[in-house]
Every structure is written in structure tokens, then in C-alpha cells.
Amino acid sequence: MGGHAHNHFVETQHTFAMQLGTKRVWDYIGDNYVHRLVQNKEDGKLVEVSGNTGIVGADEKIDSLQLEYTYLLTSQLESQRLFFEEKVARVEKEANEQLMVMESRCRGLVSAKEQLEEQVSELEREKKANDKKLQQLQAKVAKLTSDLKEEKELNKCLSENQKLWKDRVGVLEKKIDVTIQQKEQEMKELQEQVRDLMFYLETQKKIADSPEDTRQEIQEGHLVVTQGAVGSSVTPSRKQRKKK
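Residues numbered from 1 in each chain as written. Predicted model: local features only at pLDDT ≥ 70, side-chain atom pairs only at ≥ 80, totals over all residues. Heavy atoms only, no water.

Summing up its helical and strand segments, the chain has four helices and five strands in all. Along the chain, from the amino end to the carboxyl end, the secondary structure elements read α-β-β-β-β-β-α-α-α. Counting contacts in the chain only where the partners sit at least 6 residues apart, residues at least 24 apart contribute 35% of the total. By element, 56% of the accessible surface of the chain is carried by carbon and sulfur atoms, the whole surface being about 20500 Å². (Helix = DSSP H or I, 4+ residues; strand = E, 2+ residues; numbered from the N terminus. Contact = heavy atoms within 4.5 Å. Areas by Shrake-Rupley, 256 points an atom, 1.4 Å probe, with all protein chains shown as cover.)

Structure (C-alpha cells):
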């Protein structure tokens, strides 16, 4: 018998298999051909009939063989039907389970997809807001850069002006120093002139307060007046007296 029939016997434990070409039946348990089978009245199973049961007519043998073959085929077909129905049911059950798993996965994927779409939408909104903030910051940076440039130019101008004014201040300070020296010199000279004038006025007052004969002597001659604190002398002449 073929390997397919033997595999079928291993999977289903169906004992008999009929060879279609010769109509012979192979018994996998007995490991030989079964030439004649009859149905047992006690349990309805097919059993082999031994050769010492007596002589049976040719027609009865043929009918018996046909009945045996028919029953065998029916039994095998029914077993195969049950086997394949069980297999189909098992496959359908596995397919349904896999389908349920796939549907559950699909629902999970759909939910994850919706969450991802929401996240993408949120990220797009945040990106737009960040882009707007970035533009504002860039505008501020540009303005600050412009202001900084103007400040640098202004500082440069102020530095140059400061240097110019510093030079001018230096020149003015020198002029002021020279002027101060000149004024101090002039003040010194004026102080000397004032001192001489005061001395002269005091001398004139003293002459005016002196007796008449003293004034006469002064008018007729020379008078030397000495001042201890000052240490100076004056000798007015007649010409000077006339002018005064």
C-alpha cells in the first residue's frame, strides 16, 4: 500500500485500506491482505472469516464480498469524513482565534494610530507656535543687533569726541595755567603798587599832621621819613610837591 494510506492509518488509526485496482483490502494491524470480511453481530465490527467455515455458494460469496467492501468503504469514508470535519473545525477554530487576535491587534493598531495622529497634531501646533516664537526672537535679535551697531558707532564717535575734547581741555588748561601765572604776576605787581600807594598816603597824612615849621622845612628842603615796619624811604622833591 502507498505511503499516503499508511500516514492516514498513523493519523486516524483506521485499520483497513482497500486497493482500488485489485479491490484487495490491507490490514495494517495484521500486516497482510484480508481476503474476506464479515460483520460481527455482537459489536458490528468487520472481522476476517477463517477458511474452515464450510463451503458457501458463489453468489453468496460475491454478495458477501460486495457487502464487506461496501461496508468497508462506507466505514472508511465515514471515518475520513469525521476526520476531515474535525480537521476543518480545528482549522476554522484556529482561523477564528487568529482572526480574533488579528482583530484585537487591528483595534490596538487603530487606537495607537489615532493617538499618534493626535500627538502629530499636537506636535504640529507646538511647531507652529515655536516657529512664531522663533520669528519673534529673530526679529528681536535683529533689532538688538542693529541697536548694538548704533551704540558701537555712537561710542566710537563719543570716544573720538572725548579724545578731541580732552586735547582741547589740555590746551585750555595750559592757557589757564599761563593766564593764572600772568594774573598772579599782575596781582603781585598790583599788591606792590598798593603797598607803595598806602605808604605814600600814610606819609602824606603824617606830613599833614606834622607842625607848621616841619611842613615849612619839608617845602623848602628835603625830608626823609623812616618807617620801621616797612623799612622804606621817600624823598619828595619840590617838583613832586607841586604836582601833588
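After presenting the structure, the write-up continues.
Taken together, Val194, Leu197, Met198 and Leu201 make up a surface patch of nonpolar side chains, about 370 Å² in accessible area. In this structure, Met198 sits in helix α2 (residues 58-209). For Met198, a relative accessible area of 43% corresponds to the partly exposed category. (Patch = residues over 30% accessible without salt bridge, like charges linked within 9 Å, V, L, I, M, F, W, Y side chains within 5 Å. Salt bridge = Lys/Arg side-chain N within 4 Å of Asp/Glu carboxyl O. Buried < 20%, exposed > 50% of the residue type's maximum accessible area, 1.4 Å probe, protein only.)

As a further point, take the packing of aromatic side chains. Aromatic ring pairs: the centre-centre distance and the angle between the two ring planes describe each pair. Taken as a whole and judged by the stated rule, the model has one aromatic pair. Where Phe83 meets Phe84, the ring centres are 5.2 Å apart and the plane angle is 70°; that geometry is what we call edge-to-face. Here Arg168 stacks its cationic end above the ring of Trp165, 4.9 Å away from the centre of that ring. (Phe/Tyr/Trp six-rings, centres within 6.5 Å; stacked < 30°, edge-to-face > 60°. Lys NZ or Arg CZ within 6 Å of the ring centre and 35° of its normal.)

What follows concerns the pattern of salt bridges. The full count for this structure, using the stated rule, is seven salt bridges. The residue Lys127 makes a salt bridge to Asp131 at a minimum N-O spacing of 3.1 Å. Residue Lys127 and its partner Asp131 are located together in helix α2, separated by four residues, close to a single helical turn. Classification of Lys127 as exposed rests on a relative accessible area of 53%. Of the charged contacts in the structure, one is a salt bridge between Lys183 and Glu186, with a shortest N-O distance of 3.7 Å. Linking Lys183 with Glu186, this pair stays in helix α2, spanning three residues, or about one helical turn. Residue Glu186 is classed as partly exposed on the basis of its relative accessible area, which comes to 39%. Via salt bridges that share partners, Glu78, Arg81 and Glu85 belong to a single interconnected network.

This part covers the side chain of Gln76. Structurally, the position occupied by Gln76 is in helix α2. Look past the residues within four positions of Gln76 in its chain and what remains in contact with it is His14 and Phe16.

Before going further, it helps to examine the confidence of the model for the chain. Summary statistics for the chain give a mean pLDDT of 76 and a share of 69% for residues scoring 70 or more. Considering each helix and strand of the chain separately, the mean pLDDT is smallest for helix α4 (residues 238-243), with a value of 41, and largest for α2, with 87. For the stretch residues 51-57, pLDDT sits under 50, and the model shows three contacts to residues farther than four places along the chain or on other chains. (pLDDT = per-residue confidence, 0-100.)

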